[in-house]
Amino acid sequence: MSAQVIDGRACARALKVSLEADVTRLRGEGLGIGLATVVVGEGYSSKAYERRLRKLAEDLGVPYSPQVLPADISQEELVSRISELNTDLSVSGILVLRPLPAHIDEAAVFRAIDPRKDIEAVHPENAGLLALGVPRFVPSTAASCFHLLDTWLDSVGEDRADFYHRSLIVVVGRSNNVGKPAISLGYERQATIASVDEWADRTTGIGRHTRWADVLIVAAGKAGLIKAEHVSENAVVIDVGINPCIGQDGKVHMVGDVDYDAVAPRVRAITPVPGGVGPVTDVWLLRNTVTAARLLTGRPIEEARPALPGPTRTLLEVS
Ligand code: NAD
């Protein structure tokens, strides 16, 4: 058996098409919609991410303002730059890219973002709403994992609610960024959830847990962590990891946390890297930027969110 490949690029294209119409409508209404990213210092992955966001924002006609700040910027100066973005009427969504330098208090920076512009839900108010099951913004990477799963379930004709209710979702990695939001979204679907972190890997081994997964979401940032012996034959595997590796051609290539060649022949469905979670994550961030533009006009969250392609019953967002 060979796994079905869950095509993130196709899924992202469909999401983008449905978002385009919304952006056009909003611009017609004269709403200030714009994305600002804040990068402190220079890093390979943040540069690549910025390039992708710039292209996507251009395609969608969303003004994009990347702020690249020096690595030695002070905490006060950084917070003050965020305050300026908070009051900038042309910016509806603010994304502060990690990692921040060691001398910066990350939590204080996140608290400085206006919660209505906090499109990755890093402000405690938004992280709390997500944990309570009433998110204002669904963080883009976790949203991407479940949007891919939902879309795949539709494509194979499985009822989403029935699938999630009887499934064990194992999430490998427990970051505030990806793992914890994914756990919250799994709870919202009334699935059974297990969270595995590196301590399990160091002690009993992660396979003891991951082998039971109906859905395995892997976000550890460790190239090839998940091998064939870590998965069951009927599993659906969502690989979040993006790890730069030097290929035989001497160039940098991105690989996932899953050893794709070994795992794909064993499982029911799998996302590739690249071309899986990443493309949907990018569009989702722009989608949250559109949601934020509407929220800033005082509209309730149910009205602020753009429609999703496919069936209307999404199970993704709680309203
Ligand atoms: P992180 O470093 O903040 O968190 C990683 C988590 O994995 C931590 O909880 C850590 O304890 C855990 N972990 C580390 N080694 C482990 C092991 N051997 N076994 C089990 N758990 C282990 O990283 P993050 O921000 O959550 O990102 C994780 C990966 O996802 C990275 O490769 C990152 O580049 C990628 N990522 C991809 C997207 C996307 O859109 N595809 C978005 C964000 C992050």
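The shown structure was predicted, so the numbers you read here are calculated from the model rather than taken from an experiment.

### Observations regarding the overall build of the protein chain
Along the backbone of the protein chain there are 13 helices and eleven strands. Taking 2.2 N^0.38 as the reference for a compact globule, 319 residues should give roughly 20 Å; the C-alpha atoms of the protein chain span a radius of gyration of 19 Å, in line with that estimate. Referenced to the eigenvectors of the C-alpha coordinate spread, the extents of the protein chain come out at roughly 55 × 45 × 40 Å. Burial statistics for the protein chain: of 319 residues in total, 53% are counted as buried. Here the analysis covers contacts within the protein chain between residues at least 6 apart in sequence; of these, 69% occur between residues at least 24 apart. By element, 53% of the accessible surface of the protein chain is carried by carbon and sulfur atoms, the whole surface being about 14100 Å². Where the 34 positive side-chain charges of the protein chain centre and where its 40 negative ones centre are 2 Å apart.

### Remarks on the site of the ligand
Inspection of the region around the ligand gives 22 residues, with Ser175, Asn177, Asp197, Glu198 and Asp201 positioned closest. Here an oxygen atom of the ligand sits 2.4 Å away from a polar atom, N or O, in the side chain of Asp197. In this structure, a nitrogen atom belonging to the ligand sits 3.2 Å away from a main-chain N or O atom of Val240. Here the ligand has 860 Å² of accessible area as a free molecule, and 76% of this is covered by the chains. Broken down by secondary-structure element, the contributors of at least two residues to the shell around the ligand are α9 (198-202) and α12 (277-295). Broken down by element, the residue count for the shell around the ligand peaks at three residues, all from α12. Of the residues that constitute the shell around the ligand, the class distribution is eight nonpolar, nine polar and five charged.

### A look at unusual backbone geometry
Here the residue pair Arg98 and Pro99 is connected by a cis peptide bond, since its omega of -5 degrees sits within 30 degrees of zero. Topologically, Pro99 is positioned in the loop between β4 (93-96) and α4 (106-112). Between Val273 and the following residue, Pro274, the backbone shows a cis peptide bond with an omega angle of 0 degrees. Among the secondary structure elements, Pro274 is positioned in the loop between β11 (269-270) and α12. The phi dihedral of Ala121 falls on the positive side, at around 55 degrees, and the residue is not glycine.

### Concerning the packing of helix α6 (residues 140-155) against helix α8 (residues 179-188)
Contact geometry for α6 and α8: axes closest at 8 Å, N-to-C directions at 40 degrees. One finds that α6 runs oblique with respect to α8. Along this stretch, α6 crosses α8, giving a crossing that reads as right-handed. Across the interface between the two elements, Ala142, Ala143 and Phe146 from α6 touch Pro181, Ala182, Leu185 and Gly186 from α8. Of the residues assigned to the contact of α6 with α8, the class counts are six nonpolar, one polar and no charged.

### Let's talk about the pairing of strand β6 (residues 192-196)
Sheet topology places strand β5 (residues 168-172) next to β6; five bridges connect them, and they run parallel. Looking at the pairing, Val171 lines up with Ser195 of β6.

### Focus on the sheet that holds β4
By definition, the strands of a sheet pair up through backbone hydrogen bonds, in either a parallel or an antiparallel sense. Ordered in space as β3-β2-β4, the three strands form an open sheet in which the pairing is parallel. This sheet does not close on itself; its edge strands, each paired only once, are β3 (64-69) and β4. Adjacent strand axes in the sheet meet at a mean angle of 15 degrees, parallel and antiparallel pairs treated alike. Looking at chain direction, strand β2 (residues 35-40) and β4 are connected through four bridges and run parallel.

### Concerning the domain arrangement of the protein chain
You can read the domains of the protein chain as domain 1 (23-125 + 279-303) and domain 2 (139-272). Spacing between the C-alpha centres of domain 1 and domain 2 amounts to 27 Å. Domain 1 puts eight residues into the contact, and the matching count from domain 2 is eleven residues. Contact between domain 1 and domain 2 buries roughly 890 Å² in total, counting both sides, with carbon and sulfur atoms accounting for 62%. The interface formed by domain 1 and domain 2 includes zero salt bridges. Applying the counting rule to domain 1 against domain 2 returns two residue pairs in polar contact (both at pLDDT 80 or more). For the side of domain 1 that touches domain 2, the element with the highest residue contribution is α12, accounting for four residues. For the side of domain 1 that touches domain 2, the class distribution of residues is five nonpolar, one polar and two charged.

### Focus on the sheet that holds β6
Read from one edge to the other, the open sheet built from six strands follows the order β1-β11-β8-β7-β5-β6, with strand pairing classed as parallel. Where the open sheet ends on each side, the last strands, each with one partner, are β1 (4-5) and β6.

Conventions and cut-offs
Residues numbered from 1 in each chain as written. Predicted model: local features only at pLDDT ≥ 70, side-chain atom pairs only at ≥ 80, totals over all residues. Heavy atoms only, no water. Helix = DSSP H or I, 4+ residues; strand = E, 2+ residues; numbered from the N terminus. Rg over C-alpha atoms; globule rule 2.2 N^0.38 Å. Buried < 20%, exposed > 50% of the residue type's maximum accessible area, 1.4 Å probe, protein only. Contact = heavy atoms within 4.5 Å. Areas by Shrake-Rupley, 256 points an atom, 1.4 Å probe, with all protein chains shown as cover. Lys, Arg positive; Asp, Glu negative; His and termini not counted. Charge placed at Lys NZ, Arg CZ, Asp CG, Glu CD. Near = heavy atom within 4 Å. Polar contact = N/O pair within 3.5 Å; in protein donor to acceptor, adjacent residues only side chain to side chain. Nonpolar A, V, L, I, M, F, W, Y, C, P; charged D, E, K, R; others polar. Axes fitted to C-alpha atoms, helices over the stretch in contact; angles between N-to-C directions. Parallel < 35°, antiparallel > 145°, perpendicular 65-115°, else oblique. Left-handed = near helix turned anticlockwise from the far one by under 90°. Pairing = 2+ DSSP bridges. Domains from an automatic or database assignment. Buried area = accessible area lost by both parts, 1.4 Å probe. Salt bridge = Lys/Arg side-chain N within 4 Å of Asp/Glu carboxyl O.

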